[in-house]
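The lines below spell out each chain.
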Amino acid sequence: MTKQPFSMQSRFKGFEFQPEDFTKASAEEQENLKEKLSPGSYWKDAWRKLRGNVVAMCACILLLLITIFALLGPICVPYHDAEQLRGAEGLGPMQYSASEINKMNAGEAVFPHIFGTDTHGRDLFVRTMQATRISVLIGVFAAMIVCIIGTLYGSVSGYLGGKVDFIMMRIVDIIYSLPDILVVLLLSSIIKAPLQNFINDSKNKFFSLIGGFGVGIISIFIVFALLFWVGTARIIRGQVLMLKSQEFVTAAKALGASSGRIIRKHIIPNCIGQIIVITMMQIPSAIFLESFLSFLGLGVSAPHATLGSLIADSLSGMRMYPSRLLIPSVILSVIILCFNLFGDGLRDALDPRMKRESG
Amino acid sequence: MLMYIIKRIFIAAATVLLIACTTFIMMNAIPGGPFMAEKAPSQSVLDALNAKYGLDKPVPVQLVNYLKAAVKGDFGVSLRMQKNRPIADIIKDMFPISAKIGLLSVLVAVLLGIPIGCIAAYNQGKFLDNLLRIITTLGIAVPGFVLAALLQYWLCVKLAWFPCIGLSSWKSYILPVFTLSFYPMCYIGRLTRSSMLDVTKQDYIRTAIAKGVSPVSLIFKHTLRNELLPILTYLGPLTAGTLMGGFVVESVFSIPGLGRYFIQSILNRDYPLIMATTICLSALVVIMNLAVDLVYKLVDPRINLGREVKN
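Computed from a prediction, not measured in an experiment: that's the story for all the values here.

Draft legend 1. Geometry of the interface of chain A and chain B. Taken together, the contact pairs 46 residues of chain A with 49 residues of chain B. Both faces combined, the contact of chain A with chain B buries some 4,200 Å², and carbon together with sulfur accounts for 77% of it. The interface formed by chain A and chain B contains one salt bridge. Here Arg190 of chain B ties to Asp344 of chain A by a salt bridge, and the two come within 4.0 Å at their closest N and O atoms.

See below:
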């Protein structure tokens with residue numbers, strides 16, 4: 001072995017620079033290196049992790065399919081969810097009524113009742129799609145309400161600290177120890193009548209639009225806004241307590257930023273990961289609660305349906321029409337399952353520090 | 001410690017009082033009273049009825065009167081569901097049934113959930129673990145009323161293994177208890193599994209193994225005691241959950257318990273009954289939460305109760 005001019009053999013045994021080590025990197029190599037070393041933003045990292053999580057991605061795709069089914073499905077079917085078809089009451093899946101069979105014999109095309117019809121002659125396929133739509137929408141909106149209130153409350157409480165924090169947290173404690181389901185049942189039954197009057201009286205277009213879905217939905221939102229933000233508020237408060245002692249907050253304070261600005265510009269962006277994860281985890285519980293209330297007859301009012309009320313309706317005719325029970329049950333369970341799994345994946349991706357409580 | 005207990009009892013009492021007052025005021029705020037029937041009674045009859053039940057006085061006076069009586073255990077009489085029967089009587093009838101089913105399902109959930117978690121953690125990554133994980137994940141996703149309805153369809157209607165409704169024999173307890181305990185069982189299983197995996201990574205477990213502690217003593221003395229903490233915290237929400245599940249299960253299986261009665265009294269607007277059941281049920285939940293917090297302290301003396309731990 002010839003002695004190399006740059007040999008460092010004396011210091012690092014077994015390592016020698018070769019002349020190639022000092023040639024310029026080719027364009028391709030440069031590109032490779034850039035990709036390998038790029039720090040990658042928080043979102044890019046999270047996306048990479050999420051993409052690698054097969055279960056979460058499957059859940060996400062399934063959720064997208066269900067959403068498409070619920071949003072676009074009703075357009076493709078010629079029936080309306082509240083439309084009662086005379087003579088087509090109580091059909092099983094893929095059955096036709098007498099008049100429809102006559103029509104088909106005459107050569108006309110009749111859209112099949114894929115899930116059958118209910119006792120009022122309403123096409124269950126459309127009803128299921130509408131019900132899924134309402135259930136998912138309620139879940140998403142309720143989770144957003146919870147997230148907004150909880151984040152604001154938690155960050156204000158955590159940031160201000162001291163007496164304000166103490167009082168705000170005692171309020172949270174009391175709400176936390178309320179038996180929530182009891183309060184939900186009470187509120188939703190009590191709010192219903194005054195709310196109905198209010199909607200009937202008001203000339204505001206917005207209210208009458210929401211009122212069309214029944215007061216049940218509104219009372220569910222009110223209940224969520226009143227009670228369910230406490231968990232979020234606690235988590236966010238913990239985060240804020242941790243963040244506010246960090247240097248960048250001190251720096252912002254030294255530069256004269258107001259509390260509101262610090263919360264908005266420095267603290268909330270730093271716990272956005274948690275906020276997204278918590279919101280995602282709220283969605284299935286909101287859907288669950290809504291269907292629970294509808295099941296007990298306190299949720300969405302007829303003729304609108306949600307998955308819970310479809311299941312409740314099916315109980316009486318269980319012996320004859322098991323499909324009426326099975327279909328909404330399966331859809332509801334799959335939705336909640338997928339949101340759970342996707343939420344888990346999202347948590348792993350966005351917030352690796354959050355302790356995994358479930359395996 | 002004593003200060004803490006006193007403070008907690010105070011907060012618990014305040015919570016129950018708050019619920020009682022709010023419910024009472026809200027009940028009075030809604031238009032339409034308990035005597036509104038399809039054929040409205042004449043004004044004089046209404047006045048007489050209101051006077052008889054003390055509904056003609058101003059709301060705050062009614063509230064104070066009510067609370068005074070309630071402390072003595074007199075919740076008034078039912079106005080609609082079972083006319084003029086004392087509510088304390090009705091609750092005495094209903095509560096044991098609900099309590100029996102609730103307690104049984106909490107027991108089943110804990111006694112099955114913890115072993116499930118242990119087995120899964122012991123076989124981590126193997127077939128059994130994966131199977132149990134799939135089952136528990138599904139169990140958490142399926143709402144109780146869906147499970148109740150499906151079970152009723154398969155086992156009662158189709159196979160006729162169990163009676164569909166009522167509480168006639170021991171057989172009719174199986175399905176309600178199973179339905180009620182399924183979700184908490186899965187949840188406890190998952191909690192146990194993850195906290196067991198956490199605990200087994202700790203140094204003191206390695207030390208115990210190195211000392212040659214027998215597996216039985218290792219699991220029961222070193223691991224289980226430490227992993228019970230998260231499960232204990234879950235017991236409070238579990239009571240509330242069983243309560244909520246009780247509403248549904250009792251409705252689906254037509255069990256004459258407090259939960260079913262509560263729903264019916266809401267739908268029928270039987271105010272005194274709603275008030276009484278609300279107070280009883282919320283007191284139950286609040287007391288359970290309190291008890292769990294205090295037991296928590298006994299099990300893990302490291303927990304500092306006086307002040308909140310700042311992270």
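Draft legend 2. Region of the structure containing the confidence of the model for chain A. Residues and elements named next belong to chain A. Per-residue pLDDT for chain A has a mean of 78; in total, 83% of the residues score no lower than 70. Model confidence for chain A, summarised as mean pLDDT per element, is weakest for helix H8 (residues 205–211) at 65 and strongest for helix H11 (residues 247–254) at 88. Between residues 355–359, whose pLDDT stays under 50, and residues either more than four places distant or in other chains, the model counts 17 contacts.

Draft legend 3. Spatial organisation of the nonpolar core. In this structure, Leu185 and Phe292 of chain A together with Phe247 of chain B are the most contacted members of the largest nonpolar core, which totals 159 residues. For Leu185 of chain A, the residues in contact, after removing those within four places along its chain, are Leu293, Leu296 and Leu298 of chain A together with Phe247, Phe262, Ile263 and Ile266 of chain B. With 13 residues, the next largest nonpolar core counts Val240, Ala252, Ile267 and Ile275 of chain A among its residues.

Draft legend 4. Up close: unusual backbone geometry. In the Ramachandran plot, Ser254 of chain B falls in the positive-phi region, its phi being about 50° despite a non-glycine side chain. Here Ser254 of chain B shows up in the loop between helix H9 (215–252) and helix H10 (258–268).

Draft legend 5. Region of the structure containing the packing of helix H5 (residues 127–141) of chain B against helix H7 (residues 171–200) of chain B. Residues and elements named next belong to chain B. In the contact formed by H5 and H7, the axes pass within 8 Å of each other and the chain directions differ by 135°. Between H5 and H7, the crossing angle belongs to the class labelled oblique. Every pair of crossing elements has a handedness; the one defined by H5 and H7 is left-handed. Residues Asp129, Arg133, Ile135, Thr136, Thr137, Gly139 and Ile140 of H5 form the contact with H7, whose own contacting residues are Phe182, Tyr183, Cys186, Tyr187, Arg190 and Arg193.

Draft legend 6. Focus on the packing of aromatic side chains. Taken as a whole and judged by the stated rule, the model has nine aromatic pairs over all chains. Aromatic side chains Phe69 of chain A and Phe125 of chain A sit 5.9 Å apart centroid to centroid with 65° between the ring planes, which places their arrangement in the edge-to-face category. Taken together, the residues span a long stretch of sequence, with Phe69 of chain A in helix H3 (residues 54–76) and Phe125 of chain A in helix H5 (residues 124–160) at a distance of 56 residues. With a centroid separation of 6.1 Å and an interplanar angle of 25°, the aromatic rings of Tyr183 of chain B and Tyr187 of chain B are classed as stacked. Taken together, the positions of Tyr183 of chain B and Tyr187 of chain B, both in helix H7 and four residues apart, correspond to about one turn of that helix. An aromatic cluster is built from Tyr183, Tyr187 and Tyr234 of chain B, whose rings are joined through pairwise contacts. The positively charged end of Arg170 of chain A is found above the aromatic ring belonging to Phe166 of chain A, 4.6 Å away from the centroid.

Draft legend 7. Structural context of the state of the cysteines. Residues and elements named next belong to chain A. Following the criterion strictly, the structure yields zero disulfides over all chains and no others. Not engaged in a disulfide, the cysteine Cys147 finds its nearest cysteine sulfur in Cys271; these two sulfurs lie 10 Å apart. We classify Cys271 as buried; its relative accessible area is 1%.

Procedures and definitions
- Residues numbered from 1 in each chain as written.
- Chains lettered and ligands numbered in written order.
- Predicted model: local features only at pLDDT ≥ 70, side-chain atom pairs only at ≥ 80, totals over all residues.
- Heavy atoms only, no water.
- Contact = heavy atoms within 4.5 Å.
- Buried area = accessible area lost by both parts, 1.4 Å probe.
- Salt bridge = Lys/Arg side-chain N within 4 Å of Asp/Glu carboxyl O.
- pLDDT = per-residue confidence, 0-100.
- Helix = DSSP H or I, 4+ residues; strand = E, 2+ residues; numbered from the N terminus.
- Core = buried A, V, L, I, M, F, W, Y, C linked by side-chain atoms within 4.5 Å.
- Buried < 20%, exposed > 50% of the residue type's maximum accessible area, 1.4 Å probe, protein only.
- Axes fitted to C-alpha atoms, helices over the stretch in contact; angles between N-to-C directions.
- Parallel < 35°, antiparallel > 145°, perpendicular 65-115°, else oblique.
- Left-handed = near helix turned anticlockwise from the far one by under 90°.
- Phe/Tyr/Trp six-rings, centres within 6.5 Å; stacked < 30°, edge-to-face > 60°.
- Lys NZ or Arg CZ within 6 Å of the ring centre and 35° of its normal.
- Disulfide = S-S within 2.5 Å.

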